[in-house]
Amino acid sequence: MFYCTQVGDGTTSVVIVAAELLRAADELIKQKIHPTTIINGYKLACKESVKFINEQLAIKASDLGKTCLLSVARTSMSSKIIGADRDFFANMVVQAAEMVKFNNSKGDVKCPIKSINVLKAHGKSSRESIMVKGYALNCTVGSQLMPKSIKNAKIACIDFSLQKAKMKLGVQVVVTDPEKLDAIRQREADITKEKIQLILNAGANVVLTTGGIDDMCLKYFVDAGAMAVRRCKKEDLKRIARATGGALVSSLSNLEGEESFEPAFLGQAESVCQERICDDELILIRGTKTKPSASIILRGANDIYVDEMDRSVHDSLCAVKRVIESKSVVPGGGCVEAALSIYLENFATSLGSREQLAVAEFAQALLVIPKTLVVNAAKDSTELVAKLRAFHNASQTIEAKRHFKWIGLDLENGKCRDNKEAGVLEPEMSKVKSLKFATEAAITILRIDDMIKIYQPSKEDPNSYQNAVKQGRL
């Protein structure tokens, strides 16, 4: 889970490499090599790998032009369920990422993919998915009498219900005069009316709440010409508050013990409108004040398919985000792993200590990625990986063949090719982080030197067949 939040794409690679490193470590332990030596060797190999990627294999995204982001998005999607439509979805993902990127106070480019809201609607074809400018909410206005569009919107995001106040559990009101019953009912209604009035008086013309709004309260918003939307997700309101420069208010109580609503709590946007997109009506918030936002609406045959599409798009967005922020890519298709394997094997021979064996095993373990890719494509892994290694060995030993370092696998045609030219690219951070995480996972398990298991004492039946035989009763 931590890797998912840090990098996003490449989780399967981490698991495969970590498992192969543990298998290699097990072989070394059988040869009477202490786990501490193996750990030191793995750490050294990982450090050298990261250094080699940065110095030899990293390509500046600016050198490849505008197609770089599209290539990264396509490469990320190629192994996913939407791989057949990767060109269509790659354009959509890159547009959404470009829309939400901004420069922070330090001048660094940031691309917050949480500003991209991905909505799922089952039905129709996956190619009918669309990207819209603005933050889309899968909700509608509370009443048909409310305006469907508001310009220069002042948005209040609140995390409580606007319903008629009720007595809390265990509270009893003893009434001696029946005429005062109406006054109690009226006061219950007035409590909520006063809350709504505080929000409207602050200048709010759009109110988004996580709770409900009953019919009586909706009337106050209709009279004021404001738009009220109920049952919004709390996560959505947090993002909207961040994008519009407002705040998610959970209570109207202030430090003095009174109720108030400050105008500073309001977010601002150019427009908020209700539009029909695909088969549903959605609330669209456009021109948010603080941060730009975008939404992707996915269509698919059923809920399971749409969920898988969501995961694929999220991974692709993460990959594009990393390239926009780090501005560096590496060739994919097993290119990096094959180059590192050759480099680390040569590096291992220069070591005059026990760590040499661990570094050599690390180099061999990295080949599990190209081998797995070839096997999944139903090709001969032994032959193709041998060819790939030969290309990378030539690139590192012969100066005239230095350009062979971009060679990777072409699994559609079952041969090796220049993946830099072919546009098979991955974020450099993704490769570096996956190596570091896989090494750390393997080292953490290697540090475990003993395991204690506590078994529950089994309750034997004195009248069982085995006990009867032991006691001579049979």
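On a predicted model such as this, the values are computed, not experimentally measured, just so you know. (Residues numbered from 1 in each chain as written. Predicted model: local features only at pLDDT ≥ 70, side-chain atom pairs only at ≥ 80, totals over all residues. Heavy atoms only, no water.)

(A) Representation of the overall build of the chain in the model. Helix and strand counts for the chain come out as 17 helices and 17 strands. For 474 residues, the compact-globule estimate of 2.2 N^0.38 gives 23 Å, and the C-alpha radius of gyration of the chain, at 31 Å, exceeds that figure by more than 25%. C-alpha atoms of the chain, sized along the principal axes, occupy 95 × 85 × 45 Å. Across the 474 residues of the chain, 46% fall into the buried class. Counting only contacts in the chain whose residues sit at least 6 apart along the sequence, the fraction spanning at least 24 positions is 72%. Accessible area for the chain stands at about 25,400 Å²; split by element, carbon and sulfur atoms hold 51% of it. (Helix = DSSP H or I, 4+ residues; strand = E, 2+ residues; numbered from the N terminus. Rg over C-alpha atoms; globule rule 2.2 N^0.38 Å. Buried < 20%, exposed > 50% of the residue type's maximum accessible area, 1.4 Å probe, protein only. Contact = heavy atoms within 4.5 Å. Areas by Shrake-Rupley, 256 points an atom, 1.4 Å probe, with all protein chains shown as cover.)

(B) Looking closely at the sheet that holds strand β1 (residues 59-60). Taken in spatial order, the three strands make up an open sheet running β1-β14-β17, and their pairing is antiparallel. The strands lining the two open edges of the sheet, one partner per strand, are β1 and β17 (425-427). (Pairing = 2+ DSSP bridges.)

(C) Layout of the state of the cysteines. Applying the stated criterion across every chain, the model contains zero disulfides. C46 forms no disulfide, and the closest cysteine sulfur to it belongs to C335, at a distance of 18 Å. Residue C46 is classed as buried on the basis of its relative accessible area of 9%. Cysteine C273 remains unbridged, with the sulfur of C139 as its closest cysteine sulfur at 14 Å. (Disulfide = S-S within 2.5 Å.)

(D) Spatial organisation of the pairing of strand β15 (residues 407-410). Examined bridge by bridge, β15 and strand β16 (residues 415-418) share four bridges and lie antiparallel to one another. Paired with I407 across the strands is D418, a residue of β16. Counted between consecutive antiparallel strands, the loop separating β15 from β16 contains four residues, among which G414 sits at a positive phi close to 70 degrees.

(E) Representation of the sheet that holds strand β4 (residues 116-122) within the structure. Read from one edge to the other, the open sheet built from three strands follows the order β4-β13-β5, with strand pairing classed as mixed. The two strands at the open ends of the sheet, each matched to only one other strand, are β4 and β5 (130-133). For this sheet the average axis-to-axis angle between neighbouring strands, irrespective of direction, equals 20 degrees. The sheet contact formed by β5 and strand β13 (residues 294-300) spans four bridges and is antiparallel. By the bridge assignment for β13, V132 is matched with S295. Sheet strands touched by helix α10 (residues 303-326): β4 and β13. Its angle to β13, the strand with the most contacts, is close to 145 degrees. (Axes fitted to C-alpha atoms, helices over the stretch in contact; angles between N-to-C directions.)

(F) Fine view of the nonpolar core. Of all hydrophobic cores here, the largest spans 42 residues; its most connected members are I155, L208, F221, F261 and I285. If one sorts the elements of this core by residue count, strand β7 (residues 149-158) sits on top with six residues. In this structure F261 touches A156, I158, L198, I199, A202, V249, L252 and L266, once residues within four positions along its chain are discounted. Formed by 39 residues, the second largest nonpolar core is a distinct cluster that contains L28, I33, L344 and I443. (Core = buried A, V, L, I, M, F, W, Y, C linked by side-chain atoms within 4.5 Å.)

(G) Local environment of a nonpolar patch on the surface. Judged by side-chain polarity, V171, V173, V175 and L181 come together as a nonpolar surface patch covering roughly 280 Å² of accessible area. Inspection of the secondary structure assignment puts V173 in the loop between β7 and α7 (180-201). (Patch = residues over 30% accessible without salt bridge, like charges linked within 9 Å, V, L, I, M, F, W, Y side chains within 5 Å. Salt bridge = Lys/Arg side-chain N within 4 Å of Asp/Glu carboxyl O.)

(H) Highlighting helix α11 (residues 335-349). In this model α11 runs 22 Å from its N-terminal to its C-terminal C-alpha over 15 residues, within 8% of the 21 Å that 1.5 Å per residue would give. Across the 15 residues that make up α11, a large majority, 11, are buried. Among the residues of α11, those classed as buried are C335, V336, E337, A338, A339, L340, S341, I342, L344, F347 and A348. (Expected span 1.5 Å × (residues − 1).)

(I) Representation of the packing of helix α2 (residues 11-30) against helix α3 (residues 35-57) within the structure. Running from N to C, α2 and α3 cross one another at 140 degrees; their axes reach a closest spacing of 10 Å. Looking at the two axes, α2 sits oblique to α3. Seen along the crossing, α2 lies across α3 with a hand that is right-handed. Across the interface between the two elements, L21, A24, A25, L28 and I29 of α2 pack against P35, I38 and Y42 of α3. Class assignment for the residues of the contact of α2 with α3 results in eight nonpolar, no polar and no charged. (Parallel < 35°, antiparallel > 145°, perpendicular 65-115°, else oblique. Left-handed = near helix turned anticlockwise from the far one by under 90°. Nonpolar A, V, L, I, M, F, W, Y, C, P; charged D, E, K, R; others polar.)

(J) Representation of the packing of aromatic side chains. Counted according to the given criterion, the structure contains six aromatic pairs. An angle of 90 degrees between the planes, with centres 5.2 Å apart, marks the rings of F391 and F404 as edge-to-face. With F391 in helix α14 (residues 381-397) and F404 in the loop between α14 and β15, the pair connects residues that are 13 residues apart, well separated along the chain. By relative accessible area, F404 is classed as buried at 18%. Ring pairing ties together the aromatic residues F52, Y343 and F347, which thus form one cluster. (Phe/Tyr/Trp six-rings, centres within 6.5 Å; stacked < 30°, edge-to-face > 60°.)

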